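Spelled out, the chains give:
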Amino acid sequence: MLDLTRVRSGPAAVRQFADWGANVIKIEEPGVAADDKPGGSAQFADYQNTHRNKRSITLNLKHPKGKALFMELVKNADVVVENYRPSVKHKLGIDYESLKAVNPRIVYASVSGFGQDGPYVDRPGLDQIAQGISGLMSVTGEPGRGPMRAGIPVADLTAGLFCAIGILIALLEREQSGEGQWVQTSLLQAGLWMMDFQAMRWLMNREVPGQSGNDHPTSSPTGVFPTRNGHMNIAAMGNDIFMRLCKVIGAEELLTDERFLTVPLRAKNRPALNAAIADKTRLKDTEEWIALMNEQGVPCGPILSMDQTFENEQVRHLKMAAPLAHPKLGEISVVGQAVKFSRSEFGDLTPAPERGEHNGAVYTELGIGPEDLERLRQEGVI
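Reading the values: rules and limits
- In this convention, every chain numbers its residues from 1, walking through the sequence in written order.
- Since the coordinates come from a predicted model, pLDDT governs what is reported: local features require at least 70, and pairs of side-chain atoms require 80 or more to be given and counted, while whole-chain, interface and lining totals use all residues.
- Values shown for side chains rest on all heavy atoms present in the structure; no hydrogens or waters enter the calculation.
- The numbering of helices and of strands both runs from the N terminus, where a helix is a DSSP run of H or I of at least 4 residues and a strand a run of E of at least 2.
- For this analysis, residues touch if any pair of their heavy atoms sits within 4.5 Å.
- Computed by Shrake-Rupley with a 1.4 Å probe, the accessible areas treat only the displayed protein chains as cover when residues are assessed.
- The charged-residue count follows a simple rule in which Lys and Arg add positive charge and Asp and Glu add negative charge, with His and chain termini not counted at all.
- Every charge is mapped to an atom, namely NZ of Lys, CZ of Arg, CG of Asp or CD of Glu.
- At least two DSSP bridges between two strands are needed for those strands to be called paired.
- Fitted lines through C-alpha atoms give the axes, limited to the stretch in contact for helices. The angle between two N-to-C directions lies from 0 to 180 degrees.
- Partly exposed residues are those whose accessible area sits between 20% and 50% of the maximum for their type, while under 20% is buried and over 50% is exposed, using a 1.4 Å probe and protein chains only.
- In this scheme, a helix's expected span is set at 1.5 Å multiplied by one less than its residue total.
- Bending is quantified residue by residue as the angle between axes fitted to the seven-residue window ending at that residue and the seven-residue window starting at it.
- Stacked, edge-to-face and tilted are the three classes for Phe, Tyr and Trp ring pairs, Trp counted by its six-membered ring, which pair at centre distances within 6.5 Å; planes under 30 degrees apart are stacked, over 60 edge-to-face, the rest tilted.
- Any Lys NZ or Arg CZ found within 6 Å of a ring centre and within 35 degrees of that ring's normal is scored as a charge over the ring.
- In this context, the arc is that of the directions from the helix axis out to the C-beta atoms.
- Polar contact is the term for a pair of N or O atoms within 3.5 Å; when the atoms are in protein, one must be able to donate a hydrogen and the other to accept it, and sequence-neighboring residues count only if both atoms are side-chain atoms.

J.: Pulling in residues and values, what's your account of the overall build of the protein?
T.: In terms of helices and strands, the protein carries 17 helices and 11 strands. In terms of its C-alpha atoms, the protein occupies a principal-axis envelope of roughly 85 × 50 × 40 Å. For the protein, the share of sequence-separated contacts (at least 6 apart) that also reach a separation of at least 24 residues comes to 69%. Roughly 20200 Å² of accessible area belongs to the protein as shown, and the carbon and sulfur atoms make up 55% of that amount. Each charge sign in the protein was given a centre, from 41 positive and 46 negative side chains, and these centres are 3 Å apart.

Put into structure tokens, the structure is as follows:
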């Protein structure tokens, strides 16, 4: 796999393959200062997480010899992934049709801001811009506080996952057709897909969803409630779970209150119901309520900071902090994989490479000797 990606959306796709043993060659521009690289220095925590398990070479794709070397790599590659602006690959002459002429089996994957064509094709696309256009920011945050971005780059990350899914489908299809194809996704498409039921509220019912803060948009009581020592999440969807909740917190009177008899009524009278539940939940500590509610099958949980999350017993059991030995940074941890298999193991991780760290090894594989390699360096090709 040849990796032309940068920052987050494209690397999120490539990471899915690098983690499971794909031979990934990250191609970087020569002569760029370490602190001016897209995504930051190789020493940054984010960079280590994003670009682990790869080899890195430098290659000037604007130089004729650099492009020729890239095409030599393409001849034996299965996949090329890029997240340039759509026009860049055509200017460089490394678009899908150009690569297909060299290797008809190549699977070429592109992640962009808004798609590979259309009225927004030349606009720069960043996660927050996609969050705004997709409608995500219009439903995030508290009513009356204005639009709010999600706390993670959700459009970037989901676009990367869709890109990875598309690559897998294209590789499977290639087993039947013998040909590769161009896989395309964008931050905007990913953001819209993630809107899911909120999008359907408009598409089917012509209802424009708004902000609901910590409350679930349509189900009540589902949200954040105060406790004696902080806050907790409770999700009492449906009549049966609502009944269990009321019994656990000692608020059986809510079960006969005419305002809360049905699911629609509980949603309609959410503020009053939330206040009544909060009067009870603030009487005990979060940990006490979680034990009591889980015993009775009421969905609930703590609200943790990042340090507390990685100390959580279930998170530790799932091994979501994966160890990595770095030659300069020492023993560090990166985010583990969110998928597990019955046979295939998530193996040892290798550090994100320094720029051009594997020039010697990769170019030797192309049959380029030390003298020619030095000449290419002097010419600004690598």
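What follows picks up the thread again.
J.: So what's going on with the sheet that holds strand 7 (residues 222-227)? Which residues, and what values?
T.: Spatially, 3 strands are ordered 7-8-9 in an open sheet, and the strand pairing comes out antiparallel. Both outer strands of the open sheet, strand 7 and strand 9 (300-302), are each paired with one neighbouring strand and no more. For this sheet the average axis-to-axis angle between neighbouring strands, irrespective of direction, equals 30 degrees. Examined bridge by bridge, strand 8 (residues 230-235) and strand 9 share 3 bridges and lie antiparallel to one another. Bridged to Asn233 within strand 9 is Gly301.

J.: Now, about unusual backbone geometry: what can you tell me, with residues and values included?
T.: In this model, Ser220 is joined to Pro221 through a cis peptide bond whose omega is 5 degrees. When you line up the elements, Pro221 lands in the loop between helix 9 (187-203) and strand 7. The backbone of Arg206 sits at a positive phi, close to 55 degrees, despite the residue not being glycine. Structurally, Arg206 is set in the loop between helix 9 and strand 7. Given a relative accessible area of 53%, Arg206 falls into the exposed group. Phi is positive for Lys319, which is not a glycine, with a value near 55 degrees. Tracing the chain through its elements places Lys319 in the loop between helix 15 (313-317) and strand 10 (321-326).

J.: Tell me what's going on with the sheet that holds strand 3 (residues 55-58), and back it up with residues and numbers.
T.: Across the sheet, 6 strands lie side by side as 3-2-1-4-5-6; this open sheet has parallel pairing. The sheet is open, and its two edges are formed by strand 3 and strand 6 (182-186), each paired on a single side. The pairing of strand 4 (residues 79-82) with strand 5 (residues 107-112) spans 4 bridges and is classified as parallel. Looking at the pairing, Val80 lines up with Tyr108 of strand 5.

J.: I'd like a description of helix 9, backed by residues and values.
T.: It helps to recall that an α-helix has 3.6 residues per turn; residues three or four apart then point in one direction. If you check helix 9, its first and last C-alpha atoms are just 20 Å apart, much less than what 17 residues at 1.5 Å a residue would give, namely 24 Å. If you look at helix 9, its biggest bend is around 85 degrees, right at Asp196. Tucked inside the fold, the buried residues of helix 9 contact helix 1 (9-18), strand 5, helix 6 (127-134), helix 7 (136-139), helix 8 (154-177) and strand 6.

J.: Go over the packing of aromatic side chains with me, naming the residues and quoting the values.
T.: The geometry of two aromatic rings is summed up by the distance between their centres and the angle between their planes. For the structure shown, the criterion picks out 7 aromatic pairs. Taken together, a centroid distance of 5.1 Å and an interplanar angle of 90 degrees make the contact between Trp20 and Phe341 edge-to-face. Residue Trp20 is found in the loop between helix 1 and strand 2 (25-28), and its partner Phe341 is found in the loop between strand 11 (330-335) and helix 16 (359-365); the two are separated by 321 residues along the sequence. Residue class for Phe341 comes out partly exposed when judged on its relative accessible area of 48%. Arranged with centres 4.9 Å apart and planes meeting at 75 degrees, the rings of Phe162 and Trp193 form a pair that is edge-to-face. Placement of the pair is Phe162 in helix 8 and Trp193 in helix 9, with a sequence separation of 31 residues. Grouping aromatic residues by their ring pairs yields a cluster made of Trp20, Phe341 and Phe346. Of note, Arg123 hangs over the ring of Tyr120, and the distance from its end group to the ring centre comes to 3.7 Å. Residue placement shows Arg266 over the ring face of Phe242; its charged tip is 4.3 Å from the ring centre.

J.: Give a detailed account of helix 10 (residues 238-249), specifying residues and quantitative values.
T.: Here helix 10 spans 17 Å end to end across 12 residues, near enough to the 16 Å set by a 1.5 Å rise per residue. The complete set of buried residues in helix 10 reads Ile241, Phe242, Leu245, Cys246, Val248 and Ile249. Buried positions in helix 10, seen along its axis, are confined to an arc of 160 degrees and lie on one side of it. Where the residues of helix 10 are buried, they touch strand 8, helix 11 (263-268), helix 12 (270-281) and helix 13 (286-295). Among the residues trailing helix 10, Gly250 stands out with phi positive, at a value near 75 degrees.

J.: Which residues make up the environment of Arg201, and what values go with them?
T.: Tracing the backbone shows Arg201 in helix 9. Here Arg201 falls in the buried class, since its relative accessible area comes to 13%. Measuring from C-alpha to C-alpha, the distance between Arg201 and Tyr108 comes to 35 Å, with 93 residues separating the pair along the chain. Side-chain polar atoms of Arg201 contact the side chain of Gln198, separated by 2.7 Å.

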